[in-house]
Amino acid sequence: MVSEGHSFTSSKRSANANFSHSAIKRIFSDVAGDITIVVDGQSFVLHKFPLVSWSGKIRKMVADAKDAKVSKLELLNIPGGAQTFELAVKFCYGANFEISSSNVGYLRCAAEFLEMTEDYGQGNLIERTETYLTDVVVESLEKSIEVLASCEGLLPVAEEAGIVGRCVEAIALNATKEQLVSGLSGLECHGGPGEPKADSGEWWIEDLSSLRIDFYQQVIISMRKIGVRQDSITSSLLHYAHSSLNDVVKGRPWDLSRTKLEPRVVLESEQRLIMETLIGLLPADRDALVPLSFLFGMLRVATVVGSSDACRRELERRISFQLDLVSLDDLLIPSINSTDSFFDIDTVHRILVNFFNWIEEEDAEDSSLQYGYESEGLGASPSHSAVLKVGRLMDMYLAEIASDPYLKLEKFMAIIELLPDYARVVDDGPYRAIDIYLKAHPSLMEHECITLCKLINCQKLSQEASNHAAQNDRLPIQMTVRVLYFEQLRLKNALGGTSGDTFLSQRMSSGVPSAAMSPRDNYASLRRENRELKLEISRMRVRLSELEKEQVVMRQGLMGKSTNGKTFLGSLQKGFGRIGIFAAPSSGKRLKCVRGKGSEGKSGRRNSS
């Protein structure tokens with residue numbers, strides 16, 4: 001049984017213990033050294049007999065020498081260099097030295113290089129180091145990590161000798177044991193069943209960050225196979241990324257200057273490898289959510305270090321699964337390589353596409369499980385709720401990027417067009433963003449303004465937004481006419497005591513399944529109609545209170561001021577003083593944040609009463 005700190009001594013020379021390098025030269029003071037071995041430029045004056053007795057490589061080199069009285073040999077690329085070779089020489093001379101987790105990897109690889117097998121002596125260095133690895137190292141998680149880290153400079157000998165593989169398996173197995181013990185301890189402490197703390201007994205997460213990325217990858221793969229908890233693996237990935245990629249970008253963390261952010265030159269290729277490897281190690285299960293802060297941080301790093309498109313697309317795909325939980329600041333990704341915007345619009349566009357593709361897949365899965373009308377009635381489903389949250393998020397995002405003077409019209413319109421009609425209850429958000437964009441881009445052609453404004457559904461504007469749009473000088477006349485027309489219809493219905501019942505009944509009648517359609521197509525059509533009905537009901541609730549208030553005001557106005565000759569447009573002006581939330585930023589700075597602010601309207605288009 002070999003234990004840590006045990007000293008190995010030749011039985012014939014036990015009295016010659018604890019010799020230093022200079023003492024080895026004086027072991028036989030009456031016999032001068034007969035061979036000099038050079039390792040990494042350092043010379044060792046030694047004796048042939050003890051060396052050839054234990055080392056097959058040195059024996060062959062001496063035997064193959066043309067000069068039978070060879071007095072000098074050079075060993076190239078010995079694992080561990082001169083320091084490890086000196087320990088191997090001590091073993092040959094029978095001197096004591098300590099085998100520990102810090103040197104056993106070097107000794108094992110040097111013994112392999114020197115061919116110190118049982119063929120040249122019983123209990124040779126390979127056997128001694130193997131015993132220590134088996135009895136001591138693989139039984140300890142901490143020592144296994146230390147030995148594996150020491151193998152970084154010992155490749156490929158360490159892999160051929162099996163040290164890497166055994167340490168990887170030992171780390172995974174011992175981590176599982178640690179979790180089991182900590183889980184049982186947690187149950188005992190709480191006196192009953194419960195979820196143990198995620199960080200209890202997981203000190204090894206920090207220690208794993210000392211491993212090079214290829215070793216770390218093997219450890220994580222082995223942990224997954226053996227059953228280490230997924231939350232522990234995710235925590236380890238986050239810690240490794242933080243410790244390895246924390247200083248990728250020079251200077252200030254992120255600014256929006258037009259100057260390109262340059263990554264650190266040192267180890268850039270290694271950082272790219274680390275980045276892509278960590279993304280490949282993320283859990284494949286879509287339900288195993290990874291923190292959004294980590295995903296967005298990695299996405300920014302991937303841009304800086306120039307990671308592959310596949311790596312970035314995977315990050316974007318994972319973000320899309322949680323897009324309804326994303327904050328506006330997360331989406332404001334600076335554009336590094338592009339010159340047509342301050343922000344990375346293309347990345348956000350791809351994330352949004354992935355989100356709606358995922359929603360469609362969810363709907364398709366639901367349609368394969370059931371047929372006919374949904375049993376949930378007209379209540380909002382989880383996916384519909386997520387779509388509405390994303391719609392509000394993208395409205396804020398559009399308002400934020402609209403003031404960017406470099407933002408191309410095509411990219412701005414692409415984001416607006418991507419959101420389906422059922423993603424918004426009202427269209428106040430797109431209107432506000434378009435108004436800000438028109439103010440920040442006064443050089444737009446007339447036809448471009450018209451095309452842009454067609455993206456606004458005037459029927460879905462709130463009373464407040466309609467009042468603002470009717471007096472907005474930046475809008476083309478066609479847009480103003482449409483707003484006034486739909487506002488007139490709405491007020492007419494309000495005064496007549498009607499509501500959207502007619503429209504709702506038309507929508508419901510259009511949802512009757514067609515006999516010419518397949519059952520699956522019928523179900524998909526009904527599901528779309530049901531989703532639109534949910535949206536319409538939500539929109540009616542929002543407008544109901546507005547219409548009731550407006551109806552009271554209009555009836556009072558008609559009864560009390562029937563002779564004042566006020567027109568329909570003049571009645572719309574009553575609410576103009578309440579549209580402060582649509583005011584655009586008055587500052588002319590290019591990147592002034594506009595969150596929480598609206599686009600200011602001009603008072604020049606007021607009709608006289």
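Please read all numbers here as calculations on a predicted model, not as lab measurements. (Residues numbered from 1 in each chain as written. Predicted model: local features only at pLDDT ≥ 70, side-chain atom pairs only at ≥ 80, totals over all residues. Heavy atoms only, no water.)

A. A look at the overall build of the protein chain. Looking only at helices and strands, the protein chain features 26 helices and 3 strands. Among the 609 residues that make up the protein chain, the fraction classed as buried is 47%. Sequence-distant contacts in the protein chain: of pairs separated by 6 or more residues, those separated by 24 or more amount to 76%. (Helix = DSSP H or I, 4+ residues; strand = E, 2+ residues; numbered from the N terminus. Buried < 20%, exposed > 50% of the residue type's maximum accessible area, 1.4 Å probe, protein only. Contact = heavy atoms within 4.5 Å.)

B. Spatial organisation of empty space enclosed by the protein. Considering all chains together, one arrives at 2 cavities of 30 Å³ or more under this definition. What lines the second largest cavity is Asp285, Arg286, Ala288, Leu289, Val290, Leu295, Arg318, Phe321 and Gln322. In terms of residue class, the lining of the second largest cavity is built from 5 nonpolar, 1 polar and 3 charged. (1 Å grid on protein atoms, 1.4 Å probe; cavity = no way out; pocket = protein on both sides within 12 Å on 5 of 7 lines; lining within 4 Å. Points joined across faces, edges and corners; volume = space filled by probe spheres on them. Nonpolar A, V, L, I, M, F, W, Y, C, P; charged D, E, K, R; others polar.)

C. Representation of the packing of aromatic side chains in the model. All told, the structure shown has 8 aromatic pairs when counted by the stated rule. Summarising the aromatic geometry, the rings of phenylalanine 44 and phenylalanine 85 are spaced 5.2 Å apart at their centres and angled 70° between planes, so their arrangement reads as edge-to-face. Of this pair, phenylalanine 44 sits in strand E2 (residues 42-46) while phenylalanine 85 sits in helix H4 (residues 81-93), and the two are 41 residues apart along the sequence. Grouping residues by exposure puts phenylalanine 44 and phenylalanine 85 together as buried. Joined through ring pairs, the aromatic side chains of Phe321, Phe355, Phe356 and Trp358 make up one cluster. The ring of phenylalanine 113 is capped by lysine 57, whose NZ or CZ atom sits 4.8 Å from the centre of that ring. The ring of phenylalanine 215 is capped by arginine 212, whose NZ or CZ atom sits 5.3 Å from the centre of that ring. (Phe/Tyr/Trp six-rings, centres within 6.5 Å; stacked < 30°, edge-to-face > 60°. Lys NZ or Arg CZ within 6 Å of the ring centre and 35° of its normal.)

D. A look at the nonpolar core. The biggest cluster of nonpolar side chains holds 141 residues, and the ones touching the most others in it are Ile37, Phe85, Tyr216, Met223, Leu278, Tyr397 and Phe412. The residues touching leucine 278, leaving out its near neighbours within four places in the chain, are Ile213, Tyr216, Leu237, Tyr240, Ala241, Leu245 and Met298. (Core = buried A, V, L, I, M, F, W, Y, C linked by side-chain atoms within 4.5 Å.)

E. Seen up close, unusual backbone geometry. In this structure, proline 156 follows leucine 155 across a cis peptide bond, with omega equal to 0°. Looking at the secondary structure, you find proline 156 in the loop between helix H7 (141-150) and helix H8 (157-160). Residues other than glycine seldom take positive phi values, yet asparagine 77 does so here, at roughly 60°. By the element assignment, asparagine 77 lies in the loop between strand E3 (72-75) and H4. Non-glycine residue glutamate 115 carries a positive phi angle of around 60°.

F. Highlighting the side chain of asparagine 103. Mapped onto the fold, asparagine 103 is located in the loop between H4 and helix H5 (104-114). Note on asparagine 103: relative accessible area 14%, which makes it buried. Polar contacts involving the side chain of asparagine 103 include one to the main-chain amide nitrogen of serine 100, which spans 2.9 Å. (Polar contact = N/O pair within 3.5 Å; in protein donor to acceptor, adjacent residues only side chain to side chain.)

G. Helix H13 (residues 268-280), seen in detail. For H13, with 13 residues, the first-to-last C-alpha span of 18 Å sits near the 18 Å given by 1.5 Å per residue. Along H13, the residues classified as buried are Gln271, Ile274, Met275, Thr277, Leu278 and Ile279. As for H13, its buried residues are in contact with helix H11 (213-226), helix H12 (230-245), helix H14 (292-305) and helix H15 (309-320). (Expected span 1.5 Å × (residues − 1).)

H. Structural view of the pairing of E2. As defined by bridge partners, strand E1 (residues 35-39) adjoins E2 across 5 bridges and the pair is classed as antiparallel. Of the residues in E2, the one forming a bridge with threonine 36 is valine 45. Once E1 ends, the chain turns through 2 residues before running back antiparallel as E2, passing aspartate 40 with a positive phi of about 55°. (Pairing = 2+ DSSP bridges.)

I. Region of interest: the pattern of salt bridges. Following the criterion strictly, the structure yields 16 salt bridges and no others. Of the charged contacts in the structure, one is a salt bridge between glutamate 314 and arginine 318, with a shortest N-O distance of 2.8 Å. Residue glutamate 314 and its partner arginine 318 are located together in helix H15, separated by 4 residues, close to a single helical turn. Glutamate 314 gets classed as partly exposed once you look at its relative accessible area, which sits at 21%. For arginine 318, a relative accessible area of 9% gives the class buried. Across the salt bridge formed by aspartate 427 and lysine 460, the nearest N and O atoms sit 3.7 Å from each other. With a gap of 33 residues between them, aspartate 427 in the loop between helix H19 (409-418) and helix H20 (428-440) and lysine 460 in the loop between helix H21 (446-453) and helix H22 (463-470) connect regions that are remote in the sequence. Note on aspartate 427: relative accessible area 4%, which makes it buried. (Salt bridge = Lys/Arg side-chain N within 4 Å of Asp/Glu carboxyl O.)

J. Just the sheet that holds E2, in detail. The mixed open sheet is built from 3 strands, whose spatial order is E2-E1-E3. Of all strands in the sheet, those with a lone pairing partner are E2 and E3, marking the two edges. Recorded for the sheet is a direction-independent mean angle of 25° between the axes of neighbouring strands. The pairing of E1 with E3 spans 4 bridges and is parallel. Bridge assignment links valine 38 to a residue of E3, and that residue is glutamate 74. Strands E1, E2 and E3 of the sheet are contacted by H4, whose axis makes an angle of about 10° with E2. (Axes fitted to C-alpha atoms, helices over the stretch in contact; angles between N-to-C directions.)

K. Structural context of the confidence of the model for the protein chain. On average, the protein chain scores 74 in pLDDT, and the residues at 70 or more come to 64%. Counting contacts from residues 249-266, a segment whose pLDDT is below 50, to residues more than four positions away or on other chains yields 33 contacts. Within the model, the stretch residues 561-609 combines pLDDT values under 50 with 102 contacts to residues more than four positions away or in other chains. (pLDDT = per-residue confidence, 0-100.)

L. Representation of helix H6 (residues 125-137). Where H6 is concerned, the buried positions are Leu125, Ile126, Thr129, Glu130, Tyr132, Leu133, Val136 and Val137. Buried residues in H6, looked at end-on, bunch into an arc of 170°, giving them a common side. (Arc of directions from axis to C-beta.)

M. Structural detail: the packing of H4 against H5. Direction vectors running N to C along H4 and H5 enclose 75°, while the axes themselves pass 10 Å from each other. The angle between the axes of H4 and H5 places the two elements in the roughly perpendicular class. In this structure, H4 uses Thr84, Phe85, Leu87 and Ala88 to contact H5, whose residues at the interface are Tyr106, Leu107, Ala110 and Leu114. The residue makeup of the contact of H4 with H5, split by class, is 7 nonpolar, 1 polar and no charged. (Parallel < 35°, antiparallel > 145°, perpendicular 65-115°, else oblique.)

N. Summary view of the state of the cysteines. In this structure the tally under the stated criterion is 0 disulfides. A disulfide-free cysteine, cysteine 458 has its sulfur positioned 8.6 Å from the sulfur of cysteine 453, the nearest such atom. (Disulfide = S-S within 2.5 Å.)

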